[in-house]
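Coordinate inspection notes
Given next are the chains, with one letter for each unit.
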Amino acid sequence: MQRTTQRPHHLARPVVVALAAAVALTATACAKSEDDASSDGKKSPAAAADAGQKVATPKPGGKSCTIDAYGGEKLDLKGATVGFSQSEKEANPFRIAETQSIKDEAAERGVKLLTANAQSQFSKQISDVQDLLAKGADLLVIAPLNSDGWDPVLQAAAAKKVPIITIDRKINATACKDYVSFIASDFVEQGRRAADRMIEATGGKGEVAILLGSAGNNVTTERTKGFKERIAEKAPDLKVVFEQTGDFAREKGQQVTEQLIQSKPGIKGIYAENDEMGLGAVAALKGAGKKPGDIKIVTVDGTRNAVQGIVDGWISGVIESNPRFGPLAFQTLDTFTQGKEVPQDIVIEDGAYTADNAEADIDKAY
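Residues numbered from 1 in each chain as written. Predicted model: local features only at pLDDT ≥ 70, side-chain atom pairs only at ≥ 80, totals over all residues. Heavy atoms only, no water.

Digging into empty space enclosed by the protein
Scanning all chains against the criterion turns up 2 cavities of 30 Å³ or more. In this structure, the largest cavity occupies an estimated 100 Å³ of space. What lines the largest cavity is simply E88, N92, F94, R95, D168, R169, V219, R223, F248, N274, D301 and S321. The set of elements that each furnish at least two residues to the lining of the largest cavity consists of α4 (93-109) and α8 (218-234). A class-by-class count of the residues in the lining of the largest cavity yields 3 nonpolar, 3 polar and 6 charged. (1 Å grid on protein atoms, 1.4 Å probe; cavity = no way out; pocket = protein on both sides within 12 Å on 5 of 7 lines; lining within 4 Å. Points joined across faces, edges and corners; volume = space filled by probe spheres on them. Helix = DSSP H or I, 4+ residues; strand = E, 2+ residues; numbered from the N terminus. Nonpolar A, V, L, I, M, F, W, Y, C, P; charged D, E, K, R; others polar.)

Spelled out as structure tokens, the structure:
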């Protein structure tokens, strides 16, 4: 495959607008958390439409990709086989919603879909994707577990001229050479917005902790970077005194928070880099006899249980990270396989939940 040349992004904007329109029209609902017994999982039509991914206005100078530059071949998406590789077991509501959105959109379009789940094992994800290629996948959508270590897959896909789109987490490789496009939120901005919420909740003073996501991927690195930068800029009297990974898991988040409140009894706030860890923190605080609001918690994702946590007073804010990638991923594949330009980086515009809108907007959560 040949590497694309750099060129202005003026031709990519119509593609982004088209993608945004397509997503608005074809937004999908998503499954609820396994332990959410308070909801039947149904949304009103208005809530479902509002919950779909929307593409942010592209920055000037952004790069695009075409199938000629990538080295692939045009094909009809309707007759293609798409392989989807999920990274984590579907106990996390984000992954449940993400996979369901991919499946729903494939069914809506009548596209044959092959799926695999790595169960949070990176070696298995590599073999999963190789297996999808062996089974005849013409196109790949990958939700990477880690950002590094993808050379075997990239080489195998290149040999078969199979285009790759990555969602949610980025592969450390070359866009429009090793993969076509990366679709995700702006994770640094999510960290900044979480910091803004934490500053407001704490008054900008005191000690705070960070429950880090899994090591080895750009989501954790960028959400941490944005949070720390904004705290340093706007609230120098707010000190990060504790950082430990909770691996994006509720049980681990609870365990780490139990350790935290023993070692740092004066902690004023907890920034959990996803909702599941934040809900684990809530469980730990309840077990320690704390009351809602005693320790301010800010999280990232937008699951129904976390938004309910705002309503109940345990969580101070949730920055949305929308997992409904199906319509946008398939629209990107469709546009690309027709020979048209697509952006190399497609950034999603996320919302937020606070005490002001959590109860009214809970049906938009997943």
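Examining the state of the cysteines
For the structure on display, the rule yields 1 disulfide. Sulfur-sulfur distance for the disulfide between C65 and C176 comes to 2.0 Å. The chirality of the disulfide connecting C65 with C176 is right-handed, given an S-S dihedral of about 80 degrees. Of this pair, C65 sits in strand β1 (residues 64-65) while C176 sits in the loop between β5 (164-167) and β6 (181-185), and the two are 111 residues apart along the sequence. (Disulfide = S-S within 2.5 Å.)

Let's talk about unusual backbone geometry
Look at Q119: it is not a glycine, yet its phi comes out positive at around 55 degrees. Along the chain, Q119 turns up in the loop between β3 (112-117) and α5 (122-134). A relative accessible area of 39% places Q119 in the partly exposed class. For F248, which is not glycine, the phi dihedral falls at a positive 60 degrees. Inspection of the secondary structure puts F248 in the loop between β8 (238-245) and α9 (250-263). (Buried < 20%, exposed > 50% of the residue type's maximum accessible area, 1.4 Å probe, protein only.)

A few points about the layout of surface pockets
Roughly 430 Å³ of internal volume is contained in the second largest pocket. Together, 17 residues line the second largest pocket, and E88, K89, D247, F248 and A249 are the ones closest to its centre. Here the residues of the lining of the second largest pocket are counted per class, giving 5 nonpolar, 5 polar and 7 charged.

Regarding the environment of G339
Structurally, the position occupied by G339 is in the loop between α12 (326-337) and β12 (342-343). Taking relative accessible area as the criterion, G339 reaches 29% and is therefore assigned partly exposed. Sequence separation between G339 and I67 is 272 residues, and the spatial gap between their C-alpha atoms is 5.5 Å. Here G339 is in contact with I67 and K74, once residues within four sequence places are set aside. (Contact = heavy atoms within 4.5 Å.)

What to know about the sheet that holds strand β10 (residues 296-301)
Strand order in the open sheet formed by 6 strands is β8-β7-β9-β10-β11-β14, and the pairing between neighbours is mixed. Across the chains shown, the open sheet's two edge strands, defined by having one partner strand only, are β8 and β14 (352-353). For strand β7 (residues 206-212) and strand β9 (residues 269-272), the ladder comprises 4 bridges, and the chain directions are parallel. Residue pairing across strands places I210 opposite Y271, the latter belonging to β9. (Pairing = 2+ DSSP bridges.)

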